[in-house]
Amino acid sequence: SLESLIKIGKKLDFGTLYIKPAFVFQDDDGSIKLQFEADANSALGYLYSSLCQMIGISWNYDSPYNDLGLYTNCAMHAAGDRAKYGCGPENGQSGGFCPQMTLAYRVAFQSEDHAAAYLARCNDYVELRF
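Caption draft 1: A look at the pairing of strand β2 (residues 32-36). Burial analysis of β2 places 5 of its 5 residues in the buried class, the great majority of the element. Because side chains alternate across β2, one face comprises the buried residues Ile32, Leu34 and Phe36, and the other comprises Lys33 and Gln35, equally buried. Relative to strand β3 (residues 100-104), β2 runs antiparallel, the two being bridged by 4 bridges. From the neighbouring strand, Leu34 faces β3, where its bridge partner is Met101.

Caption draft 2: Local environment of unusual backbone geometry. One non-glycine residue, Arg106, lies in positive phi territory at about 45 degrees. Structurally, the position occupied by Arg106 is in the loop between β3 and α3 (112-129).

Caption draft 3: Local environment of the pairing of strand β1 (residues 21-26). By the bridge criterion, 5 bridges tie β1 to β2 in an arrangement that is antiparallel. Across the sheet, residue Val24 finds its bridge partner in β2, namely Leu34.

Parameters and conventions
Residues numbered from 1 in each chain as written. Predicted model: local features only at pLDDT ≥ 70, side-chain atom pairs only at ≥ 80, totals over all residues. Heavy atoms only, no water. Buried < 20%, exposed > 50% of the residue type's maximum accessible area, 1.4 Å probe, protein only. Helix = DSSP H or I, 4+ residues; strand = E, 2+ residues; numbered from the N terminus. Pairing = 2+ DSSP bridges.

Structure follows, in C-alpha cells:
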C-alpha cells in the first residue's frame with residue numbers, strides 16, 4: 001500500500017544522488033533508453049540495494065528482509081538483489097541494477113541508417129555533455 005511505501009521511504013537515508021548518463025540505445029522492444037553508469041558503491045547503488053531489501057519481492061519465497069514486515073508483490077526486483085550483483089542477465093551478472101530511463105516507446109525509424117544516425121547523435125551529445 002502507499003502507506004507502507006511512505007513508512008519505508010522515511011526510514012531510508014541515502015544522501016544526494018549523482019547519476020551520470022553513459023549511453024543511449026534501442027532495446028528489443030524498440031524503446032529508446034538512456035543508460036546511466038552503475039556504480040554499486042554510489043548513493044544510487046545504496047538506494048537500489050535498500051529498496052530491494054525493504055520492498056522487493058521475497059527471494060526464493062523466503063520472508064522479506066526488512067524489519068517492518070512490509071514488502072510488495074508489485075516490486076520489480078527481489079528482496080535479495082543488491083547493486084553489487086550488477087546488471088543481468090545479458091550483462092553477464094545476476095542482478096537487476098540497470099539504472100536507465102526510457103526516452104520513447106516503440107520507436108520505428110524510417111530506416112536502419114536513420115536509427116544509427118539518431119543513436120550516434122544522442123551518444124555524441126552524452127559524451128560531450130557528461
